[in-house]
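Inside the fold
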Amino acid sequence: MYSLSELESIVRKCNRCLLSKTRTHAVFGEGSTENIIMFIGEGPGYNEDKQGKPFVGKAGELFDKMLAAIDLTRKDVYITNIVKCRPPNNRNPLESESEKCIDYLRWQVKIVDPDIIVCLGAVAAKNIIQKDFKITNKRGTWYTRGKYNIMATYHPAAILRDSNKKRDAWEDFKSIKKMYDKISKEI
Ligand code: URA
């Protein structure tokens, strides 16, 4: 089994797909093996590609606010994406790209071993929960897969585009916090 830093250096040099040709930095993820909750986004955007860090742009700012609203900070969470390199013009990752990249995420899940996995947006939910996942119908629902408690909620960028999604996202975050507190008590 790799350590997180060993896996990170592999990902930073990855050239399994064409996204490696246009990226500035591969964005591995942030957090530690202490974290019991993992958030999974879609893929790096412009700022993330430049800095090599996940969720540092506008969507990241909103994500931080949403975490703060449930009394969590970045230090409490592991955060990564389905694809580690920026799709040009922020298009959705192609199936071929996520298929090539998802092994890295599988390793991250194995190493971090979180109890809770939250998919941010439809791309993550389709890759993690179910291929035909409908985010508007199924967000906020908890799924159990082995030891993992999995939920999908709206991607912060989707909330920035449509503020009507805020109310539902807030309900989801309250539910995430409930699960987080329950599991923290059990450990
Ligand atoms: N959007 C994502 O899905 N991931 C990031 O890291 C930044 C924006």
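This is a predicted model, so every value here is computed, not measured. (Residues numbered from 1 in each chain as written. Predicted model: local features only at pLDDT ≥ 70, side-chain atom pairs only at ≥ 80, totals over all residues. Heavy atoms only, no water.)

According to the stated counting rule, one finds five aromatic pairs in the structure shown. Consider the rings of Phe 55 and Phe 63, whose centres lie 5.6 Å apart with planes at 40°: the pair is tilted. Of the residues examined, Phe 55 reaches a relative accessible area of 6% and is grouped as buried. Classification of Phe 63 as buried rests on a relative accessible area of 0%. (Phe/Tyr/Trp six-rings, centres within 6.5 Å; stacked < 30°, edge-to-face > 60°. Buried < 20%, exposed > 50% of the residue type's maximum accessible area, 1.4 Å probe, protein only.)

With that settled, consider the site of the ligand. In the region of the ligand, the neighbouring residues are Gly 41, Glu 42, Gly 43, Glu 48, Pro 54, Phe 55, Asn 81 and His 155. Between Gly 43 and the ligand, the recorded distance is 3.0 Å, taken from a backbone N or O atom to a nitrogen atom. For the ligand, the protein covers 92% of the area, taking 240 Å² as the surface of the free molecule. A class-by-class count of the residues in the shell around the ligand yields two nonpolar, four polar and two charged. (Near = heavy atom within 4 Å. Polar contact = N/O pair within 3.5 Å; in protein donor to acceptor, adjacent residues only side chain to side chain. Areas by Shrake-Rupley, 256 points an atom, 1.4 Å probe, with all protein chains shown as cover. Nonpolar A, V, L, I, M, F, W, Y, C, P; charged D, E, K, R; others polar.)

Let us now look at the pairing of strand β3 (residues 116-120). It is a general feature of regular strands that their side chains alternate between the two faces of the sheet. With five of five residues buried, β3 lies mostly within the body of the structure. Residue alternation in β3 divides its side chains into two sets, Ile 116, Val 118 and Leu 120 and Ile 117 and Cys 119, and both sets are buried. Bridge analysis of β3 against strand β5 (residues 148-153) gives five bridges, and the strand direction is parallel. Each bridged residue has a counterpart across the sheet, and for Cys 119 the counterpart in β5 is Ala 152. (Helix = DSSP H or I, 4+ residues; strand = E, 2+ residues; numbered from the N terminus. Pairing = 2+ DSSP bridges.)

In this section: helix α5 (residues 95-112). Taking 1.5 Å as the rise per residue, α5 with 18 residues should run 26 Å; its terminal C-alpha atoms sit 25 Å apart, in good agreement. Remark: the principal bend of α5, roughly 35°, maps to Cys 101. Within α5 the residues assigned to the buried category are Glu 97, Ser 98, Cys 101, Ile 102, Tyr 104, Leu 105, Gln 108, Val 109, Ile 111 and Val 112. Residue Asp 113 follows α5 closely and has a positive phi angle near 50°. (Expected span 1.5 Å × (residues − 1). Bend = angle between axes of the 7 residues up to and from the residue.)

The nonpolar side chains of a soluble globular protein tend to be buried, and buried together. Within the largest apolar cluster, 57 residues are counted, with the highest numbers of intra-cluster contacts made by Phe 39 and Ile 129. Discounting chain neighbours no more than four positions away, the residues touching Phe 39 are Phe 63, Leu 67, Val 77, Tyr 78, Ile 79, Thr 80, Val 118, Leu 120, Phe 173 and Ile 176. (Core = buried A, V, L, I, M, F, W, Y, C linked by side-chain atoms within 4.5 Å. Contact = heavy atoms within 4.5 Å.)

Before going further, it helps to spend a moment on the packing of helix α1 (residues 4-12) against α5. Running from N to C, α1 and α5 point in directions that differ by 170°, and their axes come no closer than 10 Å. In terms of orientation, α1 and α5 fall into the roughly antiparallel class. Together, Leu 4, Leu 7, Ile 10 and Val 11 of α1 and Tyr 104, Trp 107, Gln 108, Ile 111 and Val 112 of α5 make up the contact between the two elements. A breakdown of the residues in the contact of α1 with α5 according to their chemical character gives eight nonpolar, one polar and no charged. (Axes fitted to C-alpha atoms, helices over the stretch in contact; angles between N-to-C directions. Parallel < 35°, antiparallel > 145°, perpendicular 65-115°, else oblique.)

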